Amino acid sequence: MIHPERWGPLQARYQRQGPWRMLALDGGGIRGLLTLGILEVIEKFIAGRTGKALHEYFDYIAGTSTGAIIAAGLARGLTVGRLIKFYQDNGEAMFEPSRLMDRVKSFYTADPLRYKLQEVFGENTTLEPQNLKCLLLVVTKNVTTDSAWPISSNPDAIYNNPQRLDCNLKIPLWQIVRASTAAPIYFPPEILQWDKNDPKKTSVFVDGGVTPHNNPAFLLYRMATEPAYRLNWQAGERNLFLLSVGTGAAESLGATAAAPNKNIVSNLAGLPGDLMYGIQVDQDINCRTVGRCTYGPRLDNEVLDLIPREPTDAVSTEDRNKAPVIPLSSDLGRKFLYARYNANLSKEGLEKLGITDVVANQIQRMDAVENIPDLLRIGRAAATIIDAAHFGPFI
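No experiment lies behind these values; they were computed from the predicted model shown.

Basis of the calculations
- Just so you know, the residues in each chain are numbered from 1, in the order the chain's sequence is written.
- With pLDDT at 70 or above as the cut-off, local features in this predicted model cover only qualifying residues; side-chain atom pairs require 80 or more to be listed or tallied, and sums for whole chains, interfaces and linings still use all residues.
- Side-chain measures were taken over the full set of non-hydrogen atoms in the model, leaving aside hydrogen atoms and water.
- Throughout this description, the term nonpolar core refers to a set of buried Ala, Val, Leu, Ile, Met, Phe, Trp, Tyr and Cys residues connected via side-chain atoms within 4.5 Å.
- Partly exposed describes any residue whose relative accessible area lies between the buried limit of under 20% and the exposed limit of over 50%, with all areas from a 1.4 Å probe on protein chains only and scaled to the type maximum.
- Comment: elements are numbered from the N terminus, with helices defined as DSSP H or I runs of at least four residues and strands as E runs of at least two.
- By the convention used here, residues are in contact when the closest approach between their heavy atoms is within 4.5 Å.
- Cysteine sulfur atoms that pair up within 2.5 Å are treated as a disulfide.
- Angles run from 0 to 180 degrees between N-to-C directions of axes, and those axes are lines fitted to C-alpha atoms, restricted for helices to the stretch in contact.
- Any angle that is under 35 degrees is reported as roughly parallel, and any over 145 degrees as roughly antiparallel; angles of 65 to 115 degrees are reported as roughly perpendicular and all others as oblique.
- Crossings are sorted by hand: turned counterclockwise from the far helix by less than a right angle, the near helix makes the crossing left-handed, and turned clockwise it makes it right-handed.
- A pairing counts as a salt bridge when a side-chain nitrogen of Lys or Arg comes within 4 Å of a carboxyl oxygen of Asp or Glu.

1. Some points on the nonpolar core
Nonpolar side chains in soluble globular proteins tend to be buried together.
Here is step 1: Among the nonpolar cores identified, the biggest contains 104 residues, and Leu39, Ile42, Tyr60, Leu74, Trp233, Leu242 and Leu243 are the most heavily contacted of them.
Here is step 2: When residues in this core are grouped by element, the largest group, eight residues, is from helix α2 (residues 32–50).
Here is step 3: Excluding residues that lie within four positions of it along the chain, Leu243 makes contacts with Met22, Leu23, Ala24, Ile42, Phe58, Ala339, Tyr341 and Phe391.

2. A short note on the state of the cysteines
Here is step 1: For the coordinates displayed, the defined rule picks out zero disulfides.
Here is step 2: Unpaired in terms of disulfides, Cys287 finds its nearest cysteine sulfur in Cys293, a separation of 9.3 Å.
Here is step 3: For Cys293, a relative accessible area of 2% corresponds to the buried category.

3. Examining the packing of helix α4 (residues 66–75) against helix α7 (residues 112–121)
Here is step 1: Where α4 meets α7, the axes come as close as 11 Å, and the angle between the chain directions of the two elements is 15°. The pairing of α4 with α7 is recorded here as roughly parallel in orientation. Two packed elements cross with a definite hand, and for α4 against α7 that hand is right-handed. Taking contact as the criterion, the partners of Ile69, Ala72 and Gly73 in α4 are, on α7, Leu113, Leu117 and Phe121.

4. Some words on the pattern of salt bridges
Here is step 1: Counted under the stated rule, the structure contains 21 salt bridges.
Here is step 2: With a shortest N-O distance of 3.0 Å, Asp59 and Arg16 are connected by a salt bridge. Here Arg16 lies in the loop between α1 (11–14) and β1 (20–25) and Asp59 lies in the loop between α3 (54–57) and β2 (60–64), a separation of 43 residues in the sequence.
Here is step 3: For Arg292, the salt bridge identified is with Glu237, shortest N-O distance 2.9 Å. With Arg292 in strand β8 (residues 292–295) and Glu237 in the loop between α9 (217–225) and β7 (240–245), the pair connects residues that are 55 residues apart, well separated along the chain.
Here is step 4: By relative accessible area, which is 1% here, Arg292 ends up buried.
Here is step 5: Owing to a relative accessible area of 4%, Glu237 belongs among the buried residues under this scheme.
Here is step 6: Linked through salt bridges whose partners overlap, the residues forming this network are Arg13, Arg16 and Asp59.

Below is the structure:
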C-alpha cells in the first residue's frame, strides 16, 4: 500500500499482506444468468463455510461485459439474488434483438441499459473506495486508441491519483460498466471524458468482450501482482486464489472432410461466438499453466484439465485421468491457486448435467431473453461440482 490515506474505509482490509482471493467473470450477454446460477451456489457455499458475503470473501473482483455488471454489483455489496432479479426484470429491455432498430433510430435515447445501470448503481456513484466494498476491475475497449482498457479501482494505480484531472476514480461507476457492455450493433458506444477541461481527454468505448480479455482471469492476476499496477500482491500457491466463472461454452463445428467448404454466411454468422470461445480457452489455459489448477473442465484430449498429476506412461485419455493428483500440500511453485467453473452448452454437455429439454443451439445465443429461466437452471446444475478441495487453504 503506497498511499494508505487514499484507501478510505478499505484501508484496514487491504493494508495486510494477504492471502488474497480473486474472482473473474466472463462476458456473454444474457448468458450472464448462467454465471449468476453458479454464483448463487458459490454464495451459499462460502457463507456456510466462512459466514462471509462474496464481497467480503473475494478481495478483487473483475468482469467483462455482462460480467462487469455482475462484478460491479458484487463490489457494491449486492447479493446474487438481487442481481438475478435485475436481469429478470430488465433482460428483455437490455438484450431483446427486436428492439435493435428503435435503438438505431434514436441512438442514446433508446438505450435502456444506461438508465437501468444508473438506477442500480447510482447516477453519481464513482469508483472511489468509499463507494465499493472491495477492489473492482472492469474491462472495456477504447476504440479511439484501438486498445483494451482495464479500469481498476486500486487507489494506488497511476491513473487513479486524485491529483490528476483525468483520475479514473472520478468516472461514474454506471458509465464504466456501460462502456464495458456496449456490444457493437446492440448498443451505442459510450463516450467518456476523463478531463472535463480537456476535450482531447475524450474517448469512445465499446464492449470489453471484443478484447482478448472476455475472460478476464489472467488479466486480473497480472494487475494484482505486476509492480507497474501498484498493488504488488505476492504471488504463490498459498498467497493467491483465483476463481474464474464462465457464461457457458460450446465448440462450433466447422468444415469436415466430407464437406470442406463450409458456407461463408454460416462462417461469418458464427464468427463472434467462435472468437469468444477461442479467447476464453486461451486465457483459461494461461491460468492453468501459470497458476495451479484445482478444478476445471477438460480442455482437450492432449492436455486434459491440466490439474497436476503424478507422471504416467499411460497413453489413453481414460488411463491418464486415473493418474493420482499431486496433493496441495506439495507446493509446485505456481503463481496462484486456480479453479474454473463453467457449463458445456453442447447437446452432450447439457445431457451430462441432466438437462434434456433445452435445445443447444438456442441456449447458446447471447441475446435470447426467453432463455433466462433455463440459463439459471443450467448454472445451478453446473455448480453442483463445487467442493472445498477446489479452494485449498483459502476456505
